[in-house]
Amino acid sequence: MSLYTDYLAEIETRKEQGLHPKPIEDGALVAELITQIKDAGNEHRDDSLKFFIYNTLPGTTSAAGVKAKFLKEIIQGAASVEEIAPAFAFELLSHMKGGPSVEVLLDLALGEDPSVAGQAADVLKTQVFLYEADTDRLKEAFEAGNTVAKDVLESYAKAEFFTKLPNVEEEIKVVTYIAGEGDISTDLLSPGNQAHSRSDRELHGKCMISEAAQKEIEALKLQHPDKRVMLIAEKGTMGVGSSRMSGVNNVALWTGKQASPYVPFVNIAPVVAGTNGISPIFLTTVGVTGGIGIDLKNWVKKLGPDGKPIMNNDDTPVLEQKYSVETGTVFTINSKTMKLMSEDGSEELTDVSSAFTPQKVEFMKAGGSYAVVFGKKLQTFAAETLGVEKPQVFAPSKEISHEGQGLTAVEKIFNRNAVGTTPGKTLHAGSDVRVKVNIVGSQDTTGLMTSQELEAMAATVISPTVDGAYQSGCHTASVWDLKAQANIPKLMKFMNNFGLITARDPKGVYHSMTDVIHKVLNDITVDDWDITIGGDSHTRMSKGVAFGADSGTVALALATGEATMPIPESVKVTFKGSMADHMDFRDVVHATQAQMLKQHGDNVFQGRIIEVHIGTLLADQAFTFTDWTAEMKAKASICISNDETLIGSLELAKGRIQTMIDKGMDNQKKVLQGLIDKADKRIAEIKSGDKPALTPDADAKYFAEVVVDLDEINEPMIADPDVNNEDVSRRYTHDTIRPVSYYGGEKKVDLGFVGSCMVHKGDMKIVAGMLKNLEKAQGKVEFKAPLVVAAPTYNIIDELKEEGDWDVLQKYSGFEFDDAAPKSAARTEYENILYLERPGCNLCMGNQEKAAKGDTVLATSTRLFKGRVVEDSADKKGESLLASTPVVVLSAILGRTPSIDEYKEAVEGIDLTKFAPPLAKPLDSKSVHF
């Protein structure tokens with residue numbers, strides 16, 4: 001059978017699913033299309049022509065390469081297609097975004113036919129995705145006296161690829177659609193259990209919200225053909241949780257504009273909104289597509305006669321509606337005055353200037369942030385090549401500097417890594433900065449989209465300025481099913497060729513690793529001044545500063561070695577008092593959220609850096625805090641460590657990187673060895689005193705300060721999704737933190753889960769210690785609920801085996817993973833036993849394994865969103881409560897939450913994660929965690 005016949009069979013299959021033909025990425029299939037197009041009598045000629053023009057993926061796909069070559073033949077007269085005149089061939093090249101198409105345009109522009117060269121130059125002037133090989137050709141031709149090359153460079157220097165685009169319309173009419181009340185997780189927009197389909201945009205679009213919601217959106221579009229649908233989180237924040245380009249892609253697919261008539265299912269310019277604005281990572285992703293993110297502020301605190309907020313019985317402020325945004329309401333967004341207005345423009349409802357900063361308007365005009373990033377680089381190159389001053393076309397980066405004011409930790413890192421800022425100028429929070437990215441992480445359920453983004457922006461190799469980059473296999477670790485088998489090897493091959501260290505070796509030389517990506521990134525980050533970008537909201541390192549990002553921003557960081565963002569404000573978190581022996585550090589994490597809300601009323605962490613003065617905890621344990629900050633809606637977190645602690649963390653990192661090298665994971669450029677060398681250099685700087693561990697200046701300015709009183713934490717804390725709260729907007733948030741005594745030892749627990757990026761080696765040792773403890777006290781241990789345990793990394797398992805703890809876990813397990821025969825189907829039923837699962841995300845991700853519908857799950861993970869870990873049943877809401885490892889283990893054994901006395905008895909003598917504030921007396925033991 002031919003590839004075309006196979007394609008037709010696939011088309012029929014997709015028809016049954018209500019889908020159009022899948023966009024073509026295979027060059028061999030395009031070659032068959034061309035053969036059939038050339039054959040005037042071929043029965044498939046018309047369809048082949050349609051697929052060639054409208055259904056072939058652009059960028060650096062092999063399909064784009066074959067298409068560009070054929071278009072070149074048409075332009076040069078070597079081939080003739082009645083339906084594709086040379087002028088149309090140029091138009092098609094102009095929509096192919098770089099790579100082979102730019103190579104063809106350069107061939108033609110620098111060729112010997114002056115009429116063709118002029119047309120090619122005109123198209124080339126609209127292109128921005130040029131790389132060194134392309135710009136080198138232009139430079140060489142210019143220096144050799146080529147007038148066309150000079151003409152193109154002069155256009156680039158003026159940034160005509162941007163200035164000749166139409167401006168953003170002054171009045172944007174929108175019609176509202178309420179996607180839900182309360183915080184809207186990206187899981188609603190792009191469910192984790194559909195992660196396998198993310199690279200198939202039309203198929204994945206079927207999973208957004210619900211089929212009913214999709215029909216309602218389509219009906220709104222028919223009723224209001226001149227308006228854009230604005231998707232709203234009523235009484236909540238839009239896009240919390242995971243960083244998902246697929247979520248924005250889905251919203252754009254249903255409500256946005258088609259980016260190009262010749263590229264199917266790639267839409268841009270969605271409009272999203274929330275009563276409490278947009279989650280920081282999601283807002284960045286909206287910018288990638290040139291969309292608009294609105295902070296509605298349509299519900300406000302009700303004030304009493306004294307001007308103070310009126311409080312509910314649970315000490316939360318009473319809210320009153322300022323204006324209605326119910327589905328079907330029409331508004332006018334004025335991009336000039338930056339106001340949200342009533343439909344007729346007579347009433348001003350709220351200020352939306354934060355959505356229309358000069359930079360965001362540029363993204364909207366250019367159709368996305370990538371075009372602006374590459375355009376700026378191209379303009380700079382052209383001006384330097386011509387030896388001219390580049391005109392100020394793009395909005396100047398905002399540079400905020402307060403004389404005499406010190407720097408927070410994140411301000412220091414941004415100043416150190418800034419690119420293209422005013423020489424000698426110190427920048428403070430609010431400044432827009434291009435920064436060098438040191439470490440980049442791509443995870444497996446967004447990686448296929450990242451590879452598509454890299455192809456679309458015509459990138460073929462990782463930027464040489466990136467110190468290290470890693471492609472994980474953790475989000476698909478639980479089940480090696482047909483979907484994983486189809487997607488993951490393909491992804492690993494692409495990323496390995498691109499220059500990343502990959503969890504799976506395309507050549508099969510080293511054992512596949514399914515280690516949780518955040519743990520690997522935390523190990524390969526070997527400088528407290530580094531900046532990390534990762535394709536997951538939990539990219540939160542305990543060394544340096546790390547930002548979770550969408551798959552597109554990850555692609556941009558891989559291709560350019562840079563990221564662009566404002567320097568965030570910081571909130572300083574310090575500790576006082578003493579941590580009780582029976583408490584675990586996870587309880588300190590929960591208490592931080594609770595005490596912050598008590599001290600400030602509002603979530604001061606949202607959209608800001610949490611600068612946590614944690615000092616005495618090694619990177620593994622400190623990561624428990626930084627990891628959680630994603631759920632606090634923080635932009636990122638920075639750990640301020642003592643010198644000795646930082647050195648210890650770097651030594652641990654070196655050992656783990658060496659393990660990766662020993663397994664054969666280093667590449668030809670010796671990236672991993674380079675990271676060890678960098679760690680050694682940093683350790684030497686600290687020991688010599690030349691450059692101590694990163695600290696903020698004493699006179700740094702913070703948005704707020706939070707002091708966590710450890711003395712107030714006297715019993716384990718549980719984050720509760722509060723699924724039955726009468727106020728829908730208060731369900732599934734991380735703000736409901738309750739002591740274990742709240743449940744009176746009576747709340748039934750159907751399943752316990754110890755795993756995800758929130759646990760470390762110490763947690764695995766706690767599980768083993770508790771089993772030994774309870775066996776000694778009771779003679780045997782019986783589980784009244786299943787306990788699923790997934791170590792985050794293989795090296796942790798290796799260390800547990802060496803230290804004897806794995807033997808204890810094996811003794812009680814009724815199931816142990818086998819890499820030689822991984823599960824081929826997700827588990828649907830659980831027995832009351834201990835499951836030792838493969839390292840990876842497991843239940844936390846929700847795309848493969850899930851608890852039974854309607855279960856009450858107690859987990860160490862971070863995800864309590866509706867449907868993530870557990871879905872609702874017909875008669876009971878699923879609950880994902882979050883707690884420390886000892887609470888989870890004991891609850892699975894009891895089948896219910898423990899009383900405080902039962903808890904204390906069970907952890908007696910167990911070495912829990914110890915913590916003492918910096919400058920307090922040293923710990924009496926460094927415990928197993930060191």
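Bear in mind that the values here come from a model prediction, so they are computed numbers and not experimental data.

So, the overall build of the protein chain
Secondary structure assignment for the protein chain yields 31 helices and 33 strands. Its C-alpha atoms give the protein chain principal-axis dimensions of about 90 × 70 × 65 Å. In the protein chain, which comprises 930 residues, the share counted as buried stands at 60%. If you sum the accessible surface of the protein chain, you get close to 35,500 Å²; carbon and sulfur atoms cover 49% of it. One way to put it: in the protein chain the 99 positive side-chain charges average out to a point 1 Å from where the 132 negative ones average out.

What to know about the packing of helix α21 (residues 517-524) against helix α24 (residues 619-628)
One can describe the packing of α21 onto α24 by two numbers: an axis separation of 11 Å at closest approach and a directional angle of 125°. Taken together, the axes of α21 and α24 lie oblique to each other. You can see that α21 and α24 cross each other, and the crossing is right-handed. Between α21, through H518, K519, N522 and D523, and α24, the contact on the second element is made entirely by A619, D620 and F623. Here the residues of the contact of α21 with α24 are counted per class, giving 2 nonpolar, 2 polar and 3 charged.

What about the confidence of the model for the protein chain?
Predicted confidence across the protein chain gives a mean pLDDT of 93, with 98% of residues reaching 70 or more. Low pLDDT, under 50, characterises residues 920-930; the predicted model gives this stretch 21 contacts beyond four residues in sequence or across chains.

Topic: unusual backbone geometry
Most peptide bonds are trans, and most residues other than glycine sit at a negative phi. Here M338, not a glycine, exhibits a phi torsion of approximately 60°, which is positive. Positionally, M338 belongs in the loop between β11 (330-334) and β12 (339-342). According to the relative accessible area criterion, M338 is partly exposed, its value standing at 24%. The backbone of S756 sits at a positive phi, close to 80°, despite the residue not being glycine. Here S756 is to be found in the loop between β28 (751-754) and α27 (761-778). A relative accessible area of 1% places S756 in the buried class.

Observations regarding a negative patch on the surface
Judged by side-chain charge, E132, D136, E140 and E143 come together as a negatively charged surface patch. Within the element layout of this structure, E132 appears in helix α8 (residues 132-143).

Side note on the pattern of salt bridges
For the coordinates displayed, the defined rule picks out 56 salt bridges. The salt bridge involving E803 is made with K761; its shortest N-O contact spans 2.6 Å. Here E803 is found in helix α28 (residues 794-803), whereas its partner K761 is found in helix α27, with 42 residues between them in sequence. Residue classification places K761 among the buried residues on the basis of a relative accessible area of 13%. Ionic pairing is found between K765 and D805, a salt bridge with its closest N-O pair at 2.4 Å. Note that K765 is positioned in helix α27 and D805 in helix α29 (residues 805-812), a separation of 40 residues in sequence. By relative accessible area, which is 14% here, K765 ends up buried.

A short note on the packing of aromatic side chains
Within this structure, the stated rule accounts for 19 aromatic pairs. Relative to F51, the ring of Y7 has its centre 5.2 Å away and its plane inclined at 80°; by these criteria the two rings are edge-to-face. Remark: F51 occurs in helix α3 (residues 45-54) and Y7 occurs in helix α1 (residues 3-16); sequence separation between them is 44 residues. Grouping residues by exposure puts Y7 and F51 together as buried. An angle of 80° between the planes, with centres 5.7 Å apart, marks the rings of Y830 and Y835 as edge-to-face. The exposure classification of Y830 matches that of Y835, with both residues buried. An aromatic cluster is present here, built from F575, F585, F625 and F915 joined pairwise through their rings. Over the ring of F162 we find K365; its NZ or CZ atom is 4.5 Å from the centre of that ring.

Here we look at the sheet that holds strand β18 (residues 501-502)
Overall, parallel pairing links the 5 strands, which are arranged β18-β17-β16-β19-β20 in an open sheet. The open sheet has two edge strands, β18 and β20 (545-548), and neither has a second partner. The pairing of strand β19 (residues 531-534) with β20 spans 4 bridges and is classified as parallel. The residue bridging T532 from the neighbouring strand is A546, located in β20.

Looking at the pairing of strand β31 (residues 834-837)
By the alternation rule, side chains of β31 split into L834 and L836 and Y835 and E837, which are all buried. Bridging between strand β29 (residues 787-790) and β31 involves 4 bridges; their strand directions are parallel. In the sheet register, A790 faces β31, and the bridge partner there is E837. When strand β30 (residues 813-816) meets β31, the two strands line up parallel, connected through 3 bridges.

What to know about the environment of K15
Considering the arrangement of structural elements, one finds K15 in helix α1. Classification of K15 by relative accessible area gives exposed; the value is 53%. Along the sequence, K15 and N167 sit 152 residues apart, while their C-alpha atoms lie 39 Å from each other.

Description of empty space enclosed by the protein
What the rule picks out here adds up to 14 cavities of 30 Å³ or more. Computed from the structure, the largest cavity encloses a volume of approximately 170 Å³. Among the residues forming the lining of the largest cavity, the class breakdown is 7 nonpolar, 7 polar and 5 charged. In terms of lining, the second largest cavity is formed by 13 residues, of which the most central are H475, H518, D536, C844 and R868.

What counts as what
Residues numbered from 1 in each chain as written. Predicted model: local features only at pLDDT ≥ 70, side-chain atom pairs only at ≥ 80, totals over all residues. Heavy atoms only, no water. Helix = DSSP H or I, 4+ residues; strand = E, 2+ residues; numbered from the N terminus. Buried < 20%, exposed > 50% of the residue type's maximum accessible area, 1.4 Å probe, protein only. Areas by Shrake-Rupley, 256 points an atom, 1.4 Å probe, with all protein chains shown as cover. Lys, Arg positive; Asp, Glu negative; His and termini not counted. Charge placed at Lys NZ, Arg CZ, Asp CG, Glu CD. Axes fitted to C-alpha atoms, helices over the stretch in contact; angles between N-to-C directions. Parallel < 35°, antiparallel > 145°, perpendicular 65-115°, else oblique. Left-handed = near helix turned anticlockwise from the far one by under 90°. Contact = heavy atoms within 4.5 Å. Nonpolar A, V, L, I, M, F, W, Y, C, P; charged D, E, K, R; others polar. pLDDT = per-residue confidence, 0-100. Patch = residues over 30% accessible without salt bridge, like charges linked within 9 Å, V, L, I, M, F, W, Y side chains within 5 Å. Salt bridge = Lys/Arg side-chain N within 4 Å of Asp/Glu carboxyl O. Phe/Tyr/Trp six-rings, centres within 6.5 Å; stacked < 30°, edge-to-face > 60°. Lys NZ or Arg CZ within 6 Å of the ring centre and 35° of its normal. Pairing = 2+ DSSP bridges. 1 Å grid on protein atoms, 1.4 Å probe; cavity = no way out; pocket = protein on both sides within 12 Å on 5 of 7 lines; lining within 4 Å. Points joined across faces, edges and corners; volume = space filled by probe spheres on them.

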